[in-house]
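Chain and residue survey
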Amino acid sequence: MKKQILLALAAVFAVVTVIGVSQPPPAAAGGTITLSYANFPPAPTFPCVQMERWKKEVEKRTKGKVKVNTYPGGTLLGAKNMMDGVISGQADIGNLCMAYQPGRFVITNATSLPLGIPNATVGSLVLWDLYKKYQPKSFAKVKVLTVFTTAPANIMSKIPIRTLADIKGVDLRASGGAAQILKAWGANQVGMPMSATPEALQKGVVKGLFSSLEVLKDFKFAEICKYVTLTDTVIYPFAVVMNMNSWNKLPDDVKKVFDDLSFDQAAWTGNYMDNHVKEAVTWSKDAQKVEFIQLSKDEKAKWDARLAPITEKWIQKAKADGYPAEAIVKDIKAFIKKHESK
Ligand code: 3IO
């Protein structure tokens, strides 16, 4: 009798165990984890190209366990509500340009001070190092999946700008750190996200813009801006962020895939941007007859002199707001040296 009871208990135990084991883990209901990824500019532009590359890598590295649905062109979240939209869970993942909310991302936006970031590859790795070192509070509510920057900004305009006298009072579009630079040169700086710029140029609200040159091709700005003034000044910093609940729900092996991709994705995007700028410049010269204006040595010295006070002013303000401002600038300079030498 006793033996029969024991056998019955063992049978029940076995059945429960089998059922228990056959249950999928909660995050992988149905076998796949589906994530939404929002982006603000149109699909052919570099923030969306890097998004598609990340999606492909993730789907490959997780062997199809994770599926990423991408939403370019502001179809899920726009340029200015990207961060809050991801925090509130309207999208699992979002790509944002930090320059559109300069006061919100003080530490990481310091990369758009005129400190001499030479290209997008170095810029992206500098931004990653800075993020890792300072772990800014502004990102406490999200998981940062990667960061990257544009190539240095240049002036694209409908009128030729060869001197500081030429730029004085001209309506030019820029955001964040780049906006401060335009103001210092005497332009009438107009702030708006890149996604609003094609219409502003078309309608004549602005006579040009200050950004990285791949937009000449990707937004077809070369068709309307026939002049480029080469300044190679500052970059725009970006971050890809994930909703914290969505992140916490992921199984450990998927979290590892995402973490392993962070640095790689920053380097890939920087490299893509640098090569794509070259292509866009060639196309603009050959197919669009855009004139590229090189400032003379004397003129360049005047433009640079206008920028000299910007970093010091930023340090004073950021220090007053409680940031270790001098250390941040020192670190950015050191990170530039480190990545430039590679
Ligand atoms: C940018 C933003 C969206 C799509 C392509 C882009 N190329 C450079 C930027 C930088 C930027 O955000 C800006 O506003 O100039």
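The structure under discussion appears in the preceding block.
Notes on the structure in this doc start here. (Residues numbered from 1 in each chain as written. Predicted model: local features only at pLDDT ≥ 70, side-chain atom pairs only at ≥ 80, totals over all residues. Heavy atoms only, no water.)

A sheet is described by the order of its strands in space; here six strands give the open sequence β7-β6-β8-β5-β9-β11, paired in mixed fashion. What marks the edges here is a single partner per strand, and that holds for β7 (188-190) and β11 (291-294). Each adjacent strand pair in this sheet contributes to an overall mean axis angle of 25 degrees, direction not counted. Examined bridge by bridge, strand β5 (residues 154-157) and strand β8 (residues 208-211) share four bridges and lie antiparallel to one another. Each residue of the ladder has a partner; that of Asn 154, found in β8, is Ser 211. (Pairing = 2+ DSSP bridges. Helix = DSSP H or I, 4+ residues; strand = E, 2+ residues; numbered from the N terminus. Axes fitted to C-alpha atoms, helices over the stretch in contact; angles between N-to-C directions.)

This part is about the site of the ligand. Taken together, the neighbourhood of the ligand is formed by 17 residues, with Tyr 100, Arg 173, Ser 211, Glu 214 and Tyr 236 sitting nearest. Note that an oxygen atom of the ligand is positioned 2.6 Å from one of the side-chain N or O atoms of Tyr 100. Within the contact set of the ligand, an oxygen atom lies 2.4 Å away from a side-chain nitrogen or oxygen of Arg 173. With the chains in place, 100% of the 350 Å² that the ligand exposes on its own is no longer accessible. Grouping the constituent residues of the shell around the ligand by class yields 11 nonpolar, four polar and two charged. If you count residues domain by domain, the shell around the ligand takes at least three from each of domain 1 (31-150 + 236-277) and domain 2 (154-235 + 289-322). (Near = heavy atom within 4 Å. Polar contact = N/O pair within 3.5 Å; in protein donor to acceptor, adjacent residues only side chain to side chain. Areas by Shrake-Rupley, 256 points an atom, 1.4 Å probe, with all protein chains shown as cover. Nonpolar A, V, L, I, M, F, W, Y, C, P; charged D, E, K, R; others polar. Domains from an automatic or database assignment.)

Moving on, we come to the environment of Leu 77. As for its position among the elements, Leu 77 is in the loop between β2 (66-71) and α3 (82-87). Counting along the chain gives 115 residues from Leu 77 to Met 192, while the straight-line C-alpha distance between them is 16 Å. Discounting residues that sit within four places of it in the chain, Leu 77 has contacts with Ala 38, Asn 39, Phe 40, Met 82, Gly 85, Val 86, Gln 90 and Ala 91. (Contact = heavy atoms within 4.5 Å.)

The next point concerns the pairing of β8. Residues Gly 208 and Phe 210 line one face of β8 and the alternating positions Leu 209 and Ser 211 line the opposite face, and both faces are buried. Two strands pair when backbone bridges link them, and strand β6 (residues 171-173) and β8 are joined in this way by two bridges, in the parallel orientation. By the bridge assignment, Leu 172 is partnered in β8 with Gly 208. (Buried < 20%, exposed > 50% of the residue type's maximum accessible area, 1.4 Å probe, protein only.)

On to the pattern of salt bridges, then. Enumeration over the complete set of coordinates arrives at 17 salt bridges. Here Lys 60 ties to Glu 57 by a salt bridge, and the two come within 3.5 Å at their closest N and O atoms. Here Lys 60 and its partner Glu 57 are both found in helix α2 (residues 46-61), three residues apart, which amounts to about one turn of the helix. According to the relative accessible area criterion, Lys 60 is exposed, its value standing at 58%. Asp 259 is the salt-bridge partner of Lys 143, the closest N and O atoms lying 2.8 Å from each other. One end of the pair, Lys 143, is in strand β4 (residues 142-149); the other, Asp 259, is in helix α11 (residues 252-286), with 116 residues separating them in the sequence. What makes Lys 143 buried here is its relative accessible area of 19%. Relative accessible area serves as the criterion here: at 37%, Asp 259 is assigned to the partly exposed category. Here the salt bridges share partners, and the residues they tie into one network are Arg 53, Glu 57, Lys 60, Arg 61 and Asp 264. (Salt bridge = Lys/Arg side-chain N within 4 Å of Asp/Glu carboxyl O.)

Moving on: the sheet that holds strand β3 (residues 93-97). The five strands are arranged β2-β1-β3-β10-β4 in an open sheet whose pairing can be described as mixed. Every interior strand has two partners, whereas the edge strands, β2 and β4, have only one. Each neighbouring strand pair of the sheet contributes to a mean axis angle of 20 degrees, computed without reference to strand direction. In the sheet, strand β1 (residues 33-38) pairs with β3 via two bridges, with the strands oriented parallel. The partner of Tyr 37 across the bridge, within β3, is Ile 93. Here helix α5 (residues 120-134) sits on the sheet and contacts β4 and β10 (237-243); the angle it forms with β4, its principal contact strand, is near 150 degrees.

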